[in-house]
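Listed below, chain by chain, are the residues.
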Amino acid sequence: MKYTRLSKEQFEELHQEFINFLATQSITADEWEDIKKNKPEAAEQELDVFSDLVWFGVLGKVEYLEHISPQQIHLFQCNEKSMRLIALKIENEAVDFTTKEGFEWLRNNLLSDAIEFFNAKKEYSEDKHLDLFKMIQSGANITKGELFTYFADLIKG
């Protein structure tokens, strides 16, 4: 398995897609019940293959990722061959970017010397999807890129 197995909730959400996946392998509902009961390892393998397919599809559509921690914000634009990073860092531990108040402070103090901005570009390894997956596993969230675009425009100035 390349990524990670979907959660029970994710499988429930993708119930119809999983049925379609089984159908592409000519596995009927009755056969699936039989596989689950009598060949649990085969059932596990089907769940893993389906999970990897779902992850591969999702990762192929990722355009932006965000990772927000109390004193840092990392915003990623995921391009074809590389990703662009815009990062903000603050040394003031009284400010927590993960809270509404911390975000308000950021908005009101954007041009303050207390905030450090970083701008970088990073090439992917041989496996772009796995790079993105690892970032998500470590706490990054897939977004539409509003924050990235806002700060990219601000930096361009």
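Preceding this paragraph is the structure being described.
Residues numbered from 1 in each chain as written. Predicted model: local features only at pLDDT ≥ 70, side-chain atom pairs only at ≥ 80, totals over all residues. Heavy atoms only, no water.

Student: Help me understand the packing of helix α4 (residues 40-59) against helix α6 (residues 128-137) in this model?
Tutor: The relative placement of two packed helices is expressed as an angle between their axes plus a distance between the axes. The interhelical angle for the contact between α4 and α6, taken along N-to-C directions, is 95°, at an axis separation of 10 Å. Here α4 lies roughly perpendicular to α6, going by the angle between them. Between α4 and α6, the residues in contact are Trp55, Phe56 and Leu59 and His129, Leu132, Phe133 and Ile136, respectively. Residues that form the contact of α4 with α6 fall into these classes: 6 nonpolar, 1 polar and no charged. (Axes fitted to C-alpha atoms, helices over the stretch in contact; angles between N-to-C directions. Helix = DSSP H or I, 4+ residues; strand = E, 2+ residues; numbered from the N terminus. Parallel < 35°, antiparallel > 145°, perpendicular 65-115°, else oblique. Contact = heavy atoms within 4.5 Å. Nonpolar A, V, L, I, M, F, W, Y, C, P; charged D, E, K, R; others polar.)

Student: Explain the pairing of strand β3 (residues 82-90) here, please?
Tutor: Consecutive side chains of a regular strand alternate in pointing toward one face of the sheet and then the other. The buried fraction of β3 amounts to 7 of the 9 residues, a majority that puts the element mostly inside the structure. Here strand β2 (residues 72-78) folds back onto β3 in antiparallel fashion, the turn holding 3 residues. The pairing of β3 with strand β4 (residues 115-123) spans 9 bridges and is classified as antiparallel. Paired with Ile86 across the bridge in β4 is Asn119. (Buried < 20%, exposed > 50% of the residue type's maximum accessible area, 1.4 Å probe, protein only. Pairing = 2+ DSSP bridges.)

Student: Can you help me understand the packing of aromatic side chains in this one?
Tutor: Counted by the stated rule, this structure contains 11 aromatic pairs. Measuring from ring centre to ring centre gives 5.2 Å for Tyr150 and Phe151, while their planes differ by 80°; the resulting arrangement is edge-to-face. According to the relative accessible area criterion, Phe151 is buried, its value standing at 1%. (Phe/Tyr/Trp six-rings, centres within 6.5 Å; stacked < 30°, edge-to-face > 60°.)

Student: Where do I start with the environment of Trp105 in this structure?
Tutor: Along the polypeptide, Trp105 turns up in helix α5 (residues 100-108). The spacing of Trp105 and Thr143 is 38 residues in sequence and 22 Å in space, taken between C-alpha atoms. Those residues in contact with Trp105 that lie beyond four places of it in its chain are Ile90, Val95, Ala114 and Ile115.

Student: What's the story with the pattern of salt bridges in this structure? I'm lost.
Tutor: Side chains bearing opposite charge may pair, as long as their charged atoms lie close to each other. Enumeration over the complete set of coordinates arrives at 8 salt bridges. For Asp127, the salt bridge goes to Lys2, with nearest N and O atoms at 2.5 Å. Here the residue Asp127 occupies a position in the loop between β4 and α6, and Lys2 occupies one in the segment before α1 (8-13), the gap between them amounting to 125 residues. The shortest N-O distance in the salt bridge between Glu91 and Lys89 comes to 3.6 Å. Relative accessible area serves as the criterion here: at 28%, Lys89 is assigned to the partly exposed category. (Salt bridge = Lys/Arg side-chain N within 4 Å of Asp/Glu carboxyl O.)

Student: Just checking my understanding: could you explain the nonpolar core for this structure?
Tutor: For soluble globular proteins, the rule of thumb is that nonpolar side chains tend to be buried together. One finds Phe18, Trp32, Leu59, Leu65 and Leu132 to be the most contacted residues of the largest nonpolar core, which totals 27 residues. Elements represented by at least two residues in this core include exactly α2 (15-24), α3 (29-38), α4, β2, β3 and α6. A per-element tally of this core places α4 first, with 5 residues. Here Leu65 is in contact with His74, Leu75, Phe76, Cys78, Leu132, Met135, Ile136, Ala140, Asn141, Ile142 and Thr143, once residues within four sequence places are set aside. Leu75, Ile86, Phe97 and Phe151 belong to the second-largest nonpolar core, a separate cluster that totals 15 residues. (Core = buried A, V, L, I, M, F, W, Y, C linked by side-chain atoms within 4.5 Å.)

Student: How should the sheet that holds β4 be read in this particular structure?
Tutor: Adjacent strands of a sheet pair through backbone hydrogen bonds, lying either parallel or antiparallel. Taken in spatial order, the 5 strands make up an open sheet running β4-β3-β2-β1-β5, and their pairing is antiparallel. Two strands lie at the open edges of the sheet, namely β4 and β5 (141-143), each paired on one side alone. Geometrically, the sheet is characterised by an average inter-axis angle of 20° between neighbouring strands, direction not taken into account. Where β2 meets β3, 7 bridges bridge the pair, whose relative direction is antiparallel. Looking at β3, one finds that Ile73 is bridged to Leu88. Its contacts with the sheet place helix α7 (residues 146-156) against β1 (64-69), β2, β3 and β4, and it is angled at close to 80° to β3.

Function cannot be inferred from these measures alone, as they are strictly geometric.
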